Amino acid sequence: MEHSGTPVVTEMQVIPVAGYDSMLMTLSGAHAPWFTRNLVILKDSAGKTGIGEIHGGDYTCEALRSCTPLVIGQQIGKYRGILNSIHRGGRRAEGDDGEGIQTLDISKLKFVVKAEWAIECALLDLLGQHLGLPMCELLGEGKQRNQVETLGYLFYVSEKEKARLKLGYLNESCSEDPWFRLRRMEMLTPERIVEQAEVLHEKYGFKNFKLKGGVLTGSEEMESVRALKQAFPNGRINIDPNGAWSLKEAIDLCKPMEGILSYIEDPCGPESGFSSREIMAEFKNAVNLPVATNMIATDWRQFYHSAALKAVDIVLADPHFWGFEGSVRMAQILNDWGLTWGSHSNNHFDITLTAFAHVAAAAPGNPTALDTHWIWQDGQNLLNDTPAIKNGYLEVPDRPGLGVTINMERVMEANAFYNSLPSHDRDDALAMQYLIPGWKYDCKKPALVR
Ligand SMILES: O=C([O-])C(=O)C[C@H](O)[C@@H](O)C(=O)[O-]
Ligand SMILES: [Mg+2]
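Keep in mind that this is a model prediction, so the values were computed, not measured.

1. Brief notes about the environment of Arg-226
Item 1. Along the polypeptide, Arg-226 turns up in helix H8 (residues 218-231).
Item 2. Note on Arg-226: relative accessible area 40%, which makes it partly exposed.
Item 3. Sequence spacing of Arg-226 and Asp-385 is 159 residues, and the spatial spacing of their C-alpha atoms is 37 Å.
Item 4. Look past the residues within four positions of Arg-226 in its chain and what remains in contact with it is Pro-256, Met-257 and Ile-260.

Spelled out as C-alpha cells, the structure:
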C-alpha cells in the first residue's frame, strides 16, 4: 500500500436500503408504498467512517459495487483522482434519447444520476474528519451560511382504500404527530393542500412551498396555488408540473399568476419539433416569472444550451446529478452570472438531507429554498443525529466531515426491508392501476386526467 500523508480507504460497503412512502402523485403516476436508496460506507486507515447516499435500484447498486477496486487502498486526499478513475473506467447507461429526464420516465433517471457521487460524499466525509473541518468548508469558496432555507414540498396524495390494502401503504392515523397522521391521507383538493402546508408550517416552520403539479388539470392546480397564497400571503409559492403543459397552456396558466407565483418550475417541454430548451426560452419571453429546472439542464452540455438560449433562471443542481463539487461549481457560476442556484430532490433518507445541507451551505449568493422529500420520510432516520429543520431552515452540522453518525442497526433494518421487496426499481405506474385500470404514462397528460 502506498505511503501517504492522508489515510487510505480500507473498506467499502454498498448497502441497498428501503423506506416507506405515501401515495404521492406526480406526472409519472403514484409513488409506491416504498422507496429505495443505496448507501456507501467507507472505512479508512485512521479508523474513521465516511458515508454517502444515492438513488436506489439494482442498476445503481451494481454500478457502485463495480467501483470498489478503484476506491480501496487509495488515499482519501486523492478523492478527485479516485473519481476521475471511476469516470474513465466506469460504465454508462446506454440508450438515452437525448431528452434527459424531460419525459420524467423513471427509467431515464439512470442517465442523470451518477452512482459515484455517493462515493464522493463518503470521501469528503472522511477528508473533512481528517482535516477537522465540516464538509462545506471543503467545497467551492467554503461555508457561506450556518443554516439553509428549505421549502415545504407539497404533493397531491391519493389513498384509495383498495391500493392501500393491496399494496401496503402505511397507515399513521394513530400517530401523536399531526404531520405524520396527515401525510398518509388522501389530499386532492385546494383545501387539503392548504391544510398540508399549514401542518408543515406548524412542524418545520416552512414559509416557502412548492406544489408538485402534473396531477390534476392545470387550472385545478392553479386553484391550489391561489389558495396557498391566500393562506401564506408572505410565502413564496411555486409549482412544478414536470413539463406536462403545452407552451400555449403554460402561458395561459402562468400569465395571470405573475405576482402570485415566486417562480415556475419546468412548465413545458419539447413540442412541434422544438427542444425543451427552445420551448422554455419562448415561455420565458412570454411570461414575467423566473423559470427553474431540474429537467432541461442536468449536465454541463445541457446547461450550455440552456444558458445560450436564456431558457432558465434557476438551476436545481441536485448533487446526485452533478456531484458535490459540480453542484457547488454550478452555484458559483450562476451567482457570477446573476442567476440562481437550488437543488432538486427525490425521496431520500437523512444522509442525503445532511449532504444537501453542506452543499447548500457552500453555495455562494442567494440560493432559492432547497427542495427535500425528507419530510415524507421523517421518523425513519438512519442517523443518530439527523439535522433538524426549524423555522424553515435546515441546520448545517458544524462537526468535521458530514458531522453525523450512522446507526447501523437501523441501516440493517432498512436493508432487510429492501431485501423483502418484490422489486427494487421505482415504478410509479404500478399503484396507478388501482386508481385508473390500464393507466399508462403520458408526458403531456396529468396523472389523474385520462
Ligand atoms: O422537482 C422535481 O421535478 C422532482 O422532484 C421530480 C421527482 O420525480 C418528484 O416529483 C418525485 O420524486 O416524485
Ligand atoms: Mg422539478
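Picking up where we left off.
2. Comments concerning the pattern of salt bridges
Item 1. For the coordinates displayed, the defined rule picks out 15 salt bridges.
Item 2. Glu-195 is paired through a salt bridge with Arg-192; the nearest N and O atoms lie 3.1 Å apart. Residue Glu-195 and its partner Arg-192 are located together in helix H7 (residues 190-204), separated by 3 residues, close to a single helical turn.
Item 3. Here Lys-248 ties to Asp-252 by a salt bridge, and the two come within 2.6 Å at their closest N and O atoms. One end of the pair, Lys-248, and the other, Asp-252, are both in helix H9 (residues 247-254), 4 residues apart, so they sit about a helical turn from each other.
Item 4. On the accessibility criterion, Asp-252 (45% relative accessible area) is partly exposed.
Item 5. Each member of the salt-bridge network shares a partner with another, and the members are Lys-210, Lys-212, Asp-240, Glu-265 and Asp-371.

3. A short note on the coordination of the magnesium ion (ligand 2)
Each angle at a metal carrying four tetrahedral donors should ideally be 109.5 degrees, and each at a metal carrying six octahedral donors should ideally be 90 or 180 degrees.
Item 1. The protein atoms that coordinate the magnesium ion (ligand 2) are Asp-240 (OD), Glu-265 (OE) and Asn-294 (OD1), at distances spanning 1.9 to 2.1 Å.
Item 2. Note on Asp-240: relative accessible area 0%, which makes it buried.
Item 3. Here Glu-265 falls in the buried class, since its relative accessible area comes to 0%.

4. With respect to the sheet that holds strand S6 (residues 147-149)
Note: strands within a sheet are paired through backbone hydrogen bonds, in either parallel or antiparallel orientation.
Item 1. If you trace the 3 strands from one edge of the open sheet to the other, you get S6-S15-S14, paired in antiparallel fashion. The open sheet is flanked by S6 and strand S14 (389-390), the only strands paired with a single partner.
Item 2. As defined by bridge partners, S6 adjoins strand S15 (residues 393-395) across 3 bridges and the pair is classed as antiparallel. Bridge pairing in S15 places Gln-147 opposite Glu-395.

5. Points about the domain arrangement of the chain
For interface size, the figure often reported is the accessible area lost on association.
Item 1. Assigned domains within the chain: domain 1 (9-133 + 409-419) and domain 2 (137-402).
Item 2. One C-alpha centre belongs to domain 1, the other to domain 2; they are set 21 Å apart.
Item 3. Inspection of the domain 1/domain 2 interface yields 1 salt bridge.
Item 4. Across the pair Arg-80 and Glu-325 runs a salt bridge whose closest N-O atoms are separated by 3.2 Å.
Item 5. Across the domain 1-domain 2 interface, the total number found is 27 residue pairs in polar contact (both at pLDDT 80 or more).
Item 6. Of all the secondary structure elements, the ones that give two or more residues to the side of domain 1 that touches domain 2 are strand S1 (9-20), strand S2 (25-26), strand S4 (34-44), strand S5 (49-55), helix H2 (79-89), helix H3 (109-112), helix H4 (116-131) and helix H15 (408-420).
Item 7. With 9 residues, the top contributor of residues to the side of domain 1 that touches domain 2 is H4.
Item 8. Tallied by class, the residues present in the side of domain 1 that touches domain 2 amount to 28 nonpolar, 12 polar and 9 charged.

Conventions and cut-offs
- Residues numbered from 1 in each chain as written.
- Chains lettered and ligands numbered in written order.
- Predicted model: local features only at pLDDT ≥ 70, side-chain atom pairs only at ≥ 80, totals over all residues.
- Heavy atoms only, no water.
- Helix = DSSP H or I, 4+ residues; strand = E, 2+ residues; numbered from the N terminus.
- Buried < 20%, exposed > 50% of the residue type's maximum accessible area, 1.4 Å probe, protein only.
- Contact = heavy atoms within 4.5 Å.
- Salt bridge = Lys/Arg side-chain N within 4 Å of Asp/Glu carboxyl O.
- Donors = N, O, S within 2.8 Å, 3.2 Å for Na, K, Ca; no water.
- Pairing = 2+ DSSP bridges.
- Domains from an automatic or database assignment.
- Polar contact = N/O pair within 3.5 Å; in protein donor to acceptor, adjacent residues only side chain to side chain.
- Nonpolar A, V, L, I, M, F, W, Y, C, P; charged D, E, K, R; others polar.

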